[in-house]
Amino acid sequence: MIEIKGVHKSFGDLEVLKGIDLNVNRGEVVSIIGASGSGKSTLLYCINAIEKINSGNIIVDGIDVHDKKTDINKLRQNLGMVFQQWNSFPHLTVLENAALAPQIVKGFSKEKAQEIATKELIHVGLGDKLHEYPTRMSGGQQQRLAIARALAMEPPYMLFDEVTSALDPELVGEVLDTLRLLRDDGMTMICVTHEIAFAKEVSDKVAFFHEGLIEEIGTPQQVLDNPQRERTQQFLSKVL
Amino acid sequence: MNLFTPLSWSDSGFILTGILNTVYISVVAIIVGSLLGLLVGFVRAESNKSINMLLGAFLDVLRSVPLIIQLILFTTFIGAMGYPLNPFAAGSIILSLYTMAFMSEVFRSGFDSVPTSTIKAARSLGLNYLQTVRYIRIPIGMRAVFPSWLGVALSVIKDSALVSVIGYMELLRTAEQLISRTQQPIMILIGVGLFYFMISYPLSRYGKYVERKMEI
Ligand SMILES: Nc1ncnc2c1ncn2[C@@H]1O[C@H](COP(=O)(O)OP(=O)(O)OP(=O)(O)O)[C@@H](O)[C@H]1O
Ligand SMILES: [Mg+2]
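Residues numbered from 1 in each chain as written. Chains lettered and ligands numbered in written order. Predicted model: local features only at pLDDT ≥ 70, side-chain atom pairs only at ≥ 80, totals over all residues. Heavy atoms only, no water.

Put simply, the rule is: UniProt positions are given in the numbering used here, feature names are shortened, and annotations may be inferred rather than shown by experiment.
By the naming in an unreviewed UniProt entry, chain B goes by Amino acid ABC transporter and is assigned to Psychromonas marina. Per UniProt, the comment on chain B under Sequence similarities (unreviewed entry) is "Belongs to the binding-protein-dependent transport system permease family. HisMQ subfamily."

Going by the annotation in an unreviewed UniProt entry, the name recorded for chain A is Amino acid ABC transporter ATP-binding protein, with Psychromonas marina given as the source organism. Recorded in UniProt for chain A, the comment headed Subcellular location (unreviewed entry) runs: "Cell inner membrane". Its UniProt record gives chain A a comment under Sequence similarities (unreviewed entry), which states: "Belongs to the ABC transporter superfamily."

Quick look at the structure:
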């Protein structure tokens, strides 16, 4: 379970998160929507400690992420993250991209790491690209590689930060299909997304962010079909 | 008896030694200079402004003072201090430092070329700082600057001719001795020039080829 309690985060004078409370249970899919600059990405970065927080707590399976005593590299193995940009490692093949972290972070043998990586790459539909270099692939394929690369660490949680928004429209579908696949596997996921229809379809909970606070949270029916807050209504009328 | 004797086959061993000495000191300077340059380039890519200014000033001096002056200054200085070094050791030290000054800039721009988002992605997979340097930043950064690295390495081979001024018997100094014995300067110097050309030209073509390939 991921427990986010009263998290505040500032960049210099700019307070980006102003007290976020959010719980994500095992097996849940939570989508985060909201205007640009409302702090969605920042929250994800705080969850796996790429960014520090100013106050509050983020607890993952009982471990305080921002406690100085926490071994952050170990904790990150539980939190797969995929970004807007796919960030392929251009000097490695598709298989090596996905096998790198299991091998050097988990200390698996090369064979074992490649076996796990191959399994995940097949899962996301890249089984025929194992020895290709990622720079020769489409954005959609590279984004699926990024998902498989994170999955190869076998994390219980996955964090997705607008993983389709840098893609050409015709490539969005294949990546969303991959996310649906993960939901069907029972993966716990937090998805920051602009794809409202997708959020409605896959989420157990939807959180609407506004200026560093959760303005409204609930089931997709509550938040997307019958928003109670005026700001949610305004936002949805703009994006739908 | 004739004071001068023409070039003959019996000189080939002498010439070969000169060639090998040129290759030897160049390879030493390129390896040592690259390793130090990698370290200094990394420190520069990672450091704050004030450390960078300090290091940058030191490197600027190494790059701006002509190599020949550095060579003579260094040998004279250590001689005067009472620690004379043989020409190879003194030449290697100065040529390596000179190489380092250029290589550090090459590598620094290599490190800078690795996007922070790629580094974040690696960290998010659980790689620690050093693993990210070792498996992501060095290989990606170094690939990006390979053509520039090769360019510096080639100019080091050519610059190594200057180490002749402190008495190291590399190719040029070997040639000078042969010239004073044979009085055949034109032929010998053309031969020496040809040797440098034969090494530099194919490698610089190769560098261009890699550069073109990387653009695609
Ligand atoms: N490293 C940083 N340094 C300074 N300011 C930052 C940094 N990262 C984000 N910000 C600022 O924090 C605010 C929130 O950014 P964040 O990326 O979390 O927004 P977002 O909700 O993800 O927006 P988008 O939909 O555009 O991705 C923005 O005003 C942004 O400019
Ligand atoms: Mg964002």
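**Remarks on the packing of helix α4 (residues 87–112) of chain B against helix α7 (residues 146–159) of chain B**
Residues and elements named next belong to chain B. As a reminder of what qualifies: Note on geometry: axes are C-alpha line fits, over the in-contact stretch for helices, and angles between N-to-C directions span 0 to 180 degrees. Per the convention used, a helix needs a DSSP run of H or I reaching at least four residues, while a strand needs a run of E reaching at least two, with both numbered from the N terminus. The scheme is simple: roughly parallel for angles under 35 degrees, roughly antiparallel for over 145, roughly perpendicular for 65 to 115, oblique for anything else. Handedness of a helix crossing follows the sense of rotation of the near helix relative to the far helix, less than a right angle counterclockwise being left-handed and clockwise being right-handed. We call two residues in contact when some of their heavy atoms are within 4.5 Å. We call Asp, Glu, Lys and Arg charged. Ala, Val, Leu, Ile, Met, Phe, Trp, Tyr, Cys and Pro are nonpolar, and the rest, Gly among them, are polar.
Contact geometry for α4 and α7: axes closest at 10 Å, N-to-C directions at 165 degrees. Taken together, the axes of α4 and α7 lie roughly antiparallel to each other. The crossing of α4 and α7 is right-handed. Along its contact with α4, which presents Leu 95, Tyr 98, Thr 99, Phe 102, Met 103, Val 106 and Phe 107, the element α7 presents Ser 148, Trp 149, Val 152, Ala 153, Val 156 and Asp 159. Classifying every residue of the contact of α4 with α7 by side-chain character gives 10 nonpolar, 2 polar and 1 charged.

**As for unusual backbone geometry**
Residue and element names in this part refer to chain A. Using the following cut-off: Between buried and exposed lies partly exposed: a residue is buried under 20% and exposed over 50% of the maximum accessible area for its type, with that area taken using a 1.4 Å probe on protein chains only.
Phi at Asn 87 takes a positive value of approximately 50 degrees, unusual for a residue other than glycine. In this structure Asn 87 comes out as buried when scored by relative accessible area, which is 7%. In this model, Glu 154 sits at a positive phi of 50 degrees, which is unusual for a non-glycine residue. By the secondary structure assignment, Glu 154 is in the loop between α5 (139–151) and β7 (157–161).

**A few points about the sheet that holds strand β4 (residues 55–60) of chain A**
Residue and element names in this part refer to chain A. The condition that has to hold: Strands are labelled as partners when DSSP assigns at least two bridges between them.
Ordered by their spatial adjacency, 4 strands build an open sheet running β2-β1-β4-β5, and the pairing between neighbours is antiparallel. With one partner strand each, in any of the chains shown, β2 (14–24) and β5 (63–64) form the two edges of the open sheet. When strand β1 (residues 2–11) meets β2, the two strands line up antiparallel, connected through 8 bridges. What sits directly across from Val 7, in β2, is Ile 20. Lying over the sheet, helix α1 (residues 40–47) contacts β1, β2 and β4, oriented at roughly 65 degrees with respect to β2.

**Thoughts on α1 of chain A**
All names here are of chain A. Counting buried positions along α1 gives 7 out of 8 residues, so the element sits mostly inside the fold. Burial in α1 covers these residues: Lys 40, Thr 42, Leu 43, Leu 44, Tyr 45, Cys 46 and Ile 47. Backbone geometry just after α1 places Ala 49 at a positive phi near 65 degrees.

**Let's talk about the UniProt feature "domain: ABC transporter" (unreviewed entry) in chain A**
Mapped onto this numbering, the UniProt entry gives "domain: ABC transporter" (unreviewed entry) at residues 2–236 of chain A. For residues 2–236 of chain A, the end-to-end C-alpha separation is 27 Å, with 37% helix and 26% strand making up the annotated structure.

**Digging into the nonpolar core**
Definition in use: Buried Ala, Val, Leu, Ile, Met, Phe, Trp, Tyr and Cys residues that are joined via side-chain atoms within 4.5 Å together make up what is termed a nonpolar core.
Membership of the largest hydrophobic core comes to 35 residues, with the highest contact counts inside it found for Val 82, Leu 121, Ile 147, Met 158, Phe 160 and Met 189 of chain A. Aside from chain neighbours lying at most four places away, what touches Met 158 of chain A is Gly 80, Val 82, Ile 147, Ala 150, Leu 151, Met 187, Thr 188, Met 189 and Ile 190 of chain A.

**Some thoughts on the interface of chain B and chain A**
Put simply, the rule is: Defined here as a combined quantity, buried area equals the accessible surface (1.4 Å probe) lost by two parts on assembly, summed across both. What makes a salt bridge here is a side-chain nitrogen of Lys or Arg within 4 Å of a carboxyl oxygen of Asp or Glu, nothing more. Polar contact is the term for a pair of N or O atoms within 3.5 Å; when the atoms are in protein, one must be able to donate a hydrogen and the other to accept it, and sequence-neighboring residues count only if both atoms are side-chain atoms.
Each partner contributes to the interface: chain B provides 17 residues, whereas chain A provides 21 residues. Each partner contributes to the roughly 1700 Å² buried at the junction of chain B and chain A, and carbon and sulfur atoms together form 68% of this total. When the area that chain B buries against chain A is broken down by residue, the three leading residues are Lys 120, Ser 124 and Leu 125 of chain B, summing to 36%. Applying the counting criterion to the chain B and chain A interface returns 0 salt bridges. Our enumeration of links across chain B and chain A arrives at 3 residue pairs in polar contact (both at pLDDT 80 or more). The set of elements that each furnish at least two residues to the side of chain B that touches chain A consists of α5 (116–124) and α6 (129–144) of chain B. With 7 residues, the top contributor of residues to the side of chain B that touches chain A is α5 of chain B. Class assignment for the residues of the side of chain B that touches chain A results in 8 nonpolar, 6 polar and 3 charged.

**A closer look at the side chain of Thr 93 of chain A**
Structurally, Thr 93 of chain A can be placed in the loop between β6 (79–82) and α3 (94–104). Discounting residues that sit within four places of it in the chain, Thr 93 of chain A has contacts with Leu 130, His 131, Glu 132, Tyr 133 and Pro 134 of chain A.

**Notes on the site of ligand 1**
Residue and element names in this part refer to chain A. Quick reminder of the rule: Residues are labelled near a given molecule or strand when at least one of their non-hydrogen atoms is within 4 Å of it. Residue-level accessible areas treat just the shown protein chains as cover; the underlying method is Shrake-Rupley with a 1.4 Å probe.
Around ligand 1, the surrounding shell holds 13 residues, and the nearest of these are Ser 36, Gly 37, Lys 40, Ser 41 and Thr 42. At 3.0 Å, a backbone N or O of Gly 39 approaches an oxygen atom of ligand 1. Here an oxygen atom of ligand 1 sits 3.1 Å away from a polar atom, N or O, in the side chain of Glu 162. Considered on its own, ligand 1 offers 640 Å² of accessible surface; in the complex 60% of this is hidden by protein. Taken together, the elements giving at least two residues each to the shell around ligand 1 come down to β2 and α1. For the shell around ligand 1, the element with the most residues is α1, which contributes 3 residues. For the shell around ligand 1, the class distribution of residues is 4 nonpolar, 7 polar and 2 charged.

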